[in-house]
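# Geometric and topological summary
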Amino acid sequence: WDERYMFDLTGRMDGSSNFASKQRTAPFWSVGARWNLYNEAFLKNSKTIQNLALRANIGTTGNQNFSLSQVRTLYRYNTSLYDGYMGAQIINLENPNLRWQVTMNRNIGLEAGLLNGLFNLDLNLYKNTTNDNLTDISIAPSLGFTSYKSNLGKVQNTGVDFTMTVTPIRKENMILSLFINGNHNSNKLLEISSALSEYNQRVIDQQNSDANNYASVGAVKAFLFEEGNSLNTIYGVKSLGIDPATGYEIFVKKNGEKTFVWDAADQVPIGVNEPLMRGFMGVNFVYKNWNLNLNMGYSFGGEQYNYTLAERIESSDYTSNADRRALYNRWGQPGDIADYKAFGLNSKVNPSSRFIEKENYLNLSSARITYNFPSKLLKGVDLSMLKLSLSTSELFYISTIRQERGLSYPYARRFYFSVQLNF
């Protein structure tokens, strides 16, 4: 109305055969409003403000992030079974009670544009609540499967995200533009299902079993879910470090007592892998036929369990590939103040606060420089365009955590050179 006020209302009923017969449909709706302040009489002729708007919306969205095979039991027939006779083999464990994952989204936003494009800002505050959150639940391998899809419970995400651009130079042959965006998200598990409660207990039992199995090597990982905590919460037993007298790690039980014995039941939240802010920032510079583009990623205020310390140092085999800290920073004799316990005391490394570290990082995710040949230089060679580009990715990575990269996926610096021709 009058290019100042906007209002929309939507409603829909969605259905999917991926669900069981009683869960196939779900209603969804949304309401949104926008106020273009820049078209109000008191701002319409402003020389400073060219765009200023407020917006708000609330509504629901659904997710069916699974396949029909996770709802029904499926079989595969195989003629190689039973001495050539055909046999049926179960290939999927059903869960006919799977329901739609429904998220209630709430958002308040601000848009601002100042000084004829010099400064632009897009700011959003949100609070989203997800019911029946879908997740994979681990089960005993003796059942023939390692996991199945289930509804986890209720999860809430609140936070803020923003995008800001500044263009201090805008001339015919030169443009300089800088941008930064960021997101802060706080995650909380409001309710958990009975299946997830049973999962927590199985994890604790398995951890205690692995902790007492000194023949196994490596770090025991903990993935627990508790109401009131974030899904990104890191669980472990509080640690006071390495005892100078014995070389054993000193743990703190839930009742405050000190002990050398790690117990999964003493695990408490020891960190949250949620940064205070993370995002990207960059520069775009154009001068005549040259173009330079830089993009950097950043994150600060988060916490991380440093698996390099746990797996590549403390539980490493010093006769094989290992970090030098595995030899030089270990406890060796009574009185030593060391970061890591001595060889042979216990090869199993259990989750403790000793391996939690603050994570702040800055990395150059991509850089690109381009030269576009002027058209007047190409007239004699029958080309309408000739462009040369040199780009790179992951050129540097600066972090407060010293950890080995490429454990989950290959890490490599990449360089590209490209030529574009138009005849």
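See the structure shown above.
Residues numbered from 1 in each chain as written. Predicted model: local features only at pLDDT ≥ 70, side-chain atom pairs only at ≥ 80, totals over all residues. Heavy atoms only, no water.

## Let's talk about the pairing of strand 18 (residues 277-287)
Counted only if it meets this: Pairing between two strands requires that DSSP report at least two bridges joining them. Here a helix means four or more residues in a row that DSSP labels H or I, a strand means two or more in a row labelled E, and each is numbered from the N terminus.
Sheet topology places strand 11 (residues 174-192) next to strand 18; 10 bridges connect them, and they run antiparallel. Bridge pairing in strand 18 links Met-174 to Tyr-287. Where strand 18 lies against strand 19 (residues 290-305), 11 bridges are found, and the strand directions are antiparallel. Within the sheet, the bridge partner assigned to Met-277 lies in strand 19 and is Phe-300. Linking strand 18 back to strand 19 in an antiparallel pair, the connection comprises 2 residues, with Lys-288 at a positive phi of about 55 degrees.

## Comments concerning the sheet that holds strand 14 (residues 238-242)
Spatial ordering of the open sheet is given by 14-15-16, a layout of 3 strands whose pairing is antiparallel. With partners counted over all chains shown, the strands left at the sheet margins are strand 14 and strand 16 (258-259), one partner each. Bridge count for strand 15 (residues 249-252) against strand 16 is 2 bridges, and the pairing is antiparallel. Note that in strand 16 the partner of Val-252 across the bridge is Lys-258.

## Focus on the nonpolar core
What counts is decided by this rule: For the purposes of this section, nonpolar cores are sets of buried Ala, Val, Leu, Ile, Met, Phe, Trp, Tyr and Cys residues that join through side-chain atoms within 4.5 Å. Only protein chains enter the accessibility calculation, which uses a 1.4 Å probe; a residue is then buried when its area is under 20% of its type maximum, exposed when over 50%, and partly exposed in between.
Ile-234, Val-268, Ile-270, Tyr-305, Leu-309, Ala-310, Ile-313, Ala-326, Tyr-340, Val-349, Phe-355 and Ile-356 together form the largest nonpolar core, which totals 12 residues. Within the residue set of this core, elements represented by two or more residues are strand 17 (268-272) and helix 2 (307-314). When residues in this core are grouped by element, the largest group, 3 residues, is from helix 2.

## Overview of the packing of aromatic side chains
Test applied: Pairing of aromatic rings covers Phe, Tyr and the six-membered ring of Trp, with a centre-to-centre limit of 6.5 Å; geometry is then stacked below 30 degrees between planes, edge-to-face above 60, and tilted otherwise.
Scanning the model with the defined rule gives 8 aromatic pairs in all. Cluster of aromatic residues (ring-pair linked, three or more members): Trp-290, Tyr-371 and Phe-373.

## Brief notes about unusual backbone geometry
Unlike most non-glycine residues, Glu-3 shows phi in positive territory, near 55 degrees. Residue position: Glu-3 is located in the segment before strand 1 (5-15). For Glu-3, a relative accessible area of 63% puts it in the exposed group. Positive phi is not limited to glycine here, since Asn-116 has a value of about 55 degrees. Looking at the secondary structure, you find Asn-116 in the loop between strand 6 (101-114) and strand 7 (119-131). Asn-116 sits in the exposed class, given a relative accessible area of 59%.

## Observations concerning the side chain of Thr-392
This is how it is decided: Two N or O atoms form a polar contact when they lie within 3.5 Å of each other; inside protein one atom must be a possible hydrogen donor and the other a possible acceptor, and for residues adjacent in sequence the pair counts only when both atoms belong to side chains. Here, two residues are considered to be in contact whenever any of their heavy atoms come within 4.5 Å of each other.
Structurally, Thr-392 can be placed in strand 22 (residues 385-393). A polar side-chain atom of Thr-392 sits 2.9 Å from the main-chain carbonyl oxygen of Arg-414. Once residues lying within four places of it in the same chain are set aside, the contact partners of Thr-392 are Ser-365, Ser-366, Ala-367, Arg-414 and Phe-415.

## Re a nonpolar patch on the surface
Going by this rule: In this analysis, a patch consists of residues with relative accessible area above 30% that form no salt bridge, clustered at 9 Å for like charges and at 5 Å for the nonpolar side chains Val, Leu, Ile, Met, Phe, Trp and Tyr. Here the open area of atoms and residues is found with the Shrake-Rupley method and a 1.4 Å probe, where only the protein chains shown may cover a residue. Here, a salt bridge means any side-chain nitrogen of Lys or Arg that lies within 4 Å of a carboxyl oxygen of Asp or Glu.
Taken together, Tyr-287, Trp-290, Leu-292, Ile-369, Leu-390, Phe-417, Val-419, Leu-421 and Phe-423 make up a surface patch of nonpolar side chains, about 930 Å² in accessible area. Elements represented by at least two residues in the nonpolar patch include exactly strand 19 and strand 24 (414-422). The greatest single-element share of the nonpolar patch, amounting to 3 residues, is contributed by strand 24. Its location among the elements puts Val-419 in strand 24. Val-419 sits in the partly exposed class, given a relative accessible area of 46%.

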